[in-house]
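One-letter residues, chain by chain:
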Amino acid sequence: MQDALLGQQRVKAELAKNKGKNAAPAGNSAALSLAAPVDAPRSQRHRAVLRNLPPAYEWRTLRDEMRKIGDIIYSDIDVNGHGIVEFASREDLDFAVPRLNGSTLDGHIIEVFVEAEGPSTPPAA
């Protein structure tokens, strides 16, 4: 159901794609394992990884915050507190990453990077 009318209210239904800390246990893996919500080729995914999120953050909160920056398809937070957000376009991803990286979120300085590129590391001396 996409932007349907229910009485006098416009509603939008979304399927839950929870594979994070609130999902049912599927094994002992504590590694960051966030599967794609759609079967898009990896080259067409526009994903950002967010580290050092506040412990109380949930995927819904992350989703709502990221919607202020761009159109998103998917968001989740794993058991380690790492978030992942898939943006609808490369332009939204390219806008979000530099804007969010190093920003403060509820007292936590977050690290944000493009999933395919990995975190930036300082050059070796």
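Residues numbered from 1 in each chain as written. Predicted model: local features only at pLDDT ≥ 70, side-chain atom pairs only at ≥ 80, totals over all residues. Heavy atoms only, no water.

Draft legend 1. Up close: the nonpolar core. Of all hydrophobic cores here, the largest spans 19 residues; its most connected members are Leu50, Leu62, Met66, Val85, Phe87 and Val112. Sorting elements by how many residues they give to this core places helix α2 (residues 90-100) first, with 4 residues. Those residues in contact with methionine 66, other than ones at most four positions away along the chain, are Leu50, Ile72, Val85, Phe87 and Leu100. (Core = buried A, V, L, I, M, F, W, Y, C linked by side-chain atoms within 4.5 Å. Buried < 20%, exposed > 50% of the residue type's maximum accessible area, 1.4 Å probe, protein only. Helix = DSSP H or I, 4+ residues; strand = E, 2+ residues; numbered from the N terminus. Contact = heavy atoms within 4.5 Å.)

Draft legend 2. Geometry of α2. Buried residues of α2: Asp92, Leu93, Ala96, Val97 and Leu100, and no others. All buried residues of α2 project into a common sector of 120° when viewed along the axis, lining one side. Set apart from the buried face of α2 by more than 90 degrees, the exposed residues are Glu91, Pro98 and Arg99. Buried residues along α2 sit against β3 (46-51), α1 (59-67), β5 (83-87) and β8 (111-114). Glycine 102 lies just past α2 and shows a positive phi near 85°. (Arc of directions from axis to C-beta.)

Draft legend 3. Structural detail: the confidence of the model for the protein chain. With 61% of its residues at a pLDDT of at least 70, the protein chain reaches an overall mean of 76. Considering only residues more than four positions removed or in separate chains, one finds that residues 21-38, a stretch of pLDDT under 50, has 31 contacts. (pLDDT = per-residue confidence, 0-100.)

Draft legend 4. Structural detail: the pairing of β5. The element β5 is extensively covered by neighbouring structure, given that 5 of its 5 residues are classed as buried. Burial along β5 is two-sided: the face carrying Gly83, Val85 and Phe87 and the face carrying Ile84 and Glu86 are both buried. In this sheet, β5 lies alongside β3 in antiparallel orientation, the contact comprising 5 bridges. Bridge pairing in β5 places alanine 48 opposite valine 85. For strand β4 (residues 72-77) and β5, the ladder comprises 5 bridges, and the chain directions are antiparallel. Each residue of the ladder has a partner; that of isoleucine 77, found in β5, is glycine 83. The turn joining β4 and β5, which pair antiparallel and follow one another in sequence, is formed by 5 residues; a positive phi near 85° is taken by glycine 81. (Pairing = 2+ DSSP bridges.)

Draft legend 5. Molecular detail of the sheet that holds β8. Taking strand neighbours across the sheet as the criterion, the 4 strands line up as β4-β5-β3-β8 in an open arrangement whose pairing is antiparallel. The open sheet has two edge strands, β4 and β8, and neither has a second partner. The average undirected angle you get between the axes of adjacent strands in this sheet is 15°. Sitting on the sheet, α1 is in contact with β3, β4 and β5, with an inclination near 145° to β4. Here α2 sits on the sheet and contacts β3, β5 and β8; the angle it forms with β8, its principal contact strand, is near 150°. (Axes fitted to C-alpha atoms, helices over the stretch in contact; angles between N-to-C directions.)

Draft legend 6. Summary view of the pattern of salt bridges. Taken as a whole and assessed by the stated rule, the structure comprises 7 salt bridges. Here aspartate 64 and arginine 63 are joined by a salt bridge, their closest N and O atoms 3.1 Å apart. The exposure class of aspartate 64 is partly exposed, given its relative accessible area of 37%. Arginine 90 is the salt-bridge partner of aspartate 94, the closest N and O atoms lying 2.9 Å from each other. You can see aspartate 94 and its partner arginine 90 sitting in helix α2, 4 residues apart, about one turn around the helix. Connected via shared salt-bridge partners are Arg47, Glu86 and Glu115. (Salt bridge = Lys/Arg side-chain N within 4 Å of Asp/Glu carboxyl O.)

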